[in-house]
Amino acid sequence: MNSDSLNQNIDYVSSSGHILSVEQKAALQSSLVILKNQQKFKTVEFWGKVTGTKNEYFIVQGIGTDQIKDRKTLYSLDCIKWGLMPTPNEETRRKCTLIKGRFTGDPSHEYEHSEKNNDEELNEEEGNMIIVKEEDRLAIVVENICRDVSIVPRGAFLRTPLGEVIKNKAFEGLSSTEALRLTSYFHFRDPILLHQKTLLEQADLDKAIDFLDPIVTDIPVDGSWSIQAERGHSLIVIRSLHWLGFTFYHVPETNSYGYVYFGTGEKNLDLPFML
């Protein structure tokens, strides 16, 4: 959600229990203005909060020209000092898949995981010890959440002839009827499923706005998202059932929309058994 109107935007997701204290709001509003000017971002968005056993990580994203590719993720423990998220390599990504459980809230914390050898005659001590820094794990979890559940309304963004993704200044919001349909929302990431469409299917698309993957095809179908109308249908709220704590909001007939994540950073792997 846009940090320029954080006080109003955070109120849209309060029904999900996502709130910030007065002190946190004040610190964010002042520090993000400084961050935006120092890093020369066009906009800064408050991404959310990952709760650890000792501390909380507050996360924001600075955006440049291209709304998808020109994004930098930063985190803070106090809403004042911000550090840039690392970019883990493939080996670190593989190691992070082996780490389970809650975050601690300490970026320098190191997780240890022992990989046992297949040879049963070897002692456990002879297995490979994997060490993962929490800062790297946090970066990968945030990246996974963005890839899996970051969504936007149809028509909110345009793709220029040069391939850049920019905000659609003519977007005036979805109608009340359209806003209640999952078919009106798309994943905000580089398209994956779009390349799998046939030429006949692609012929019905508007290449300027229909360049993203729809969320309605997410698996399990009819079980990945929960959509509700609140405040007398003046507010639409969509929650992810894969990443519990992710909430998207849209005010129909306006260009007000956004999302935030407040959670532990753990994916709901039990979803197929809950349906």
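Preceding this paragraph is the structure being described.
Now for a quick tour of the structure. (Residues numbered from 1 in each chain as written. Predicted model: local features only at pLDDT ≥ 70, side-chain atom pairs only at ≥ 80, totals over all residues. Heavy atoms only, no water.)

**Here we look at empty space enclosed by the protein**
The final tally for this structure, using the stated rule, is two cavities of 30 Å³ or more. Reported here for the largest cavity is a volume of approximately 50 Å³. Lining the largest cavity, in full, are L182, I215, V216, D218, P220, V221, D222, G223, S224 and W225. Split by residue class, the lining of the largest cavity holds six nonpolar, two polar and two charged. Its volume calculated, the second largest cavity comes out at about 30 Å³. (1 Å grid on protein atoms, 1.4 Å probe; cavity = no way out; pocket = protein on both sides within 12 Å on 5 of 7 lines; lining within 4 Å. Points joined across faces, edges and corners; volume = space filled by probe spheres on them. Nonpolar A, V, L, I, M, F, W, Y, C, P; charged D, E, K, R; others polar.)

**Comments concerning the environment of N2**
Within the secondary structure, N2 sits in the segment before α1 (6–12). N2 sits 255 residues away from Y257 along the chain, and the two C-alpha atoms are 9.0 Å apart. Apart from the residues lying within four places of it in its own chain, the contact partners of N2 are N9, V44 and E45. A distance of 2.8 Å separates a polar side-chain atom of N2 from the backbone nitrogen of D4. (Helix = DSSP H or I, 4+ residues; strand = E, 2+ residues; numbered from the N terminus. Contact = heavy atoms within 4.5 Å. Polar contact = N/O pair within 3.5 Å; in protein donor to acceptor, adjacent residues only side chain to side chain.)

**Some words on unusual backbone geometry**
Along the chain, I219 connects to P220 via a cis peptide bond; the corresponding omega equals 0°. Following the sequence through the fold, P220 ends up in the loop between α5 (199–203) and β11 (225–230). A positive phi angle, close to 70°, is found at C79, a residue other than glycine. Tracing the chain through its elements places C79 in the loop between β3 (71–76) and β4 (83–84). One non-glycine residue, E253, lies in positive phi territory at about 70°. Inspection of the secondary structure assignment puts E253 in the loop between β13 (246–250) and β14 (257–263). E253 gets classed as exposed once you look at its relative accessible area, which sits at 52%. (Buried < 20%, exposed > 50% of the residue type's maximum accessible area, 1.4 Å probe, protein only.)

**Considerations on helix α2 (residues 22–39)**
In a regular helix each residue adds 1.5 Å, so 18 residues correspond to 26 Å; α2 covers 26 Å between its end C-alpha atoms and thus fits that length. What α2 keeps buried is the set Q24, A27, L28, S31, L32 and L35. Axial view of α2: buried residues confined to an arc of 120°, hence all on one face. Those residues of α2 that are exposed and angled more than 90 degrees off the buried face are V22 and N37. Packing partners of the buried residues in α2 comprise α1, β1 (43–51), β2 (56–63) and β3. (Expected span 1.5 Å × (residues − 1). Arc of directions from axis to C-beta.)

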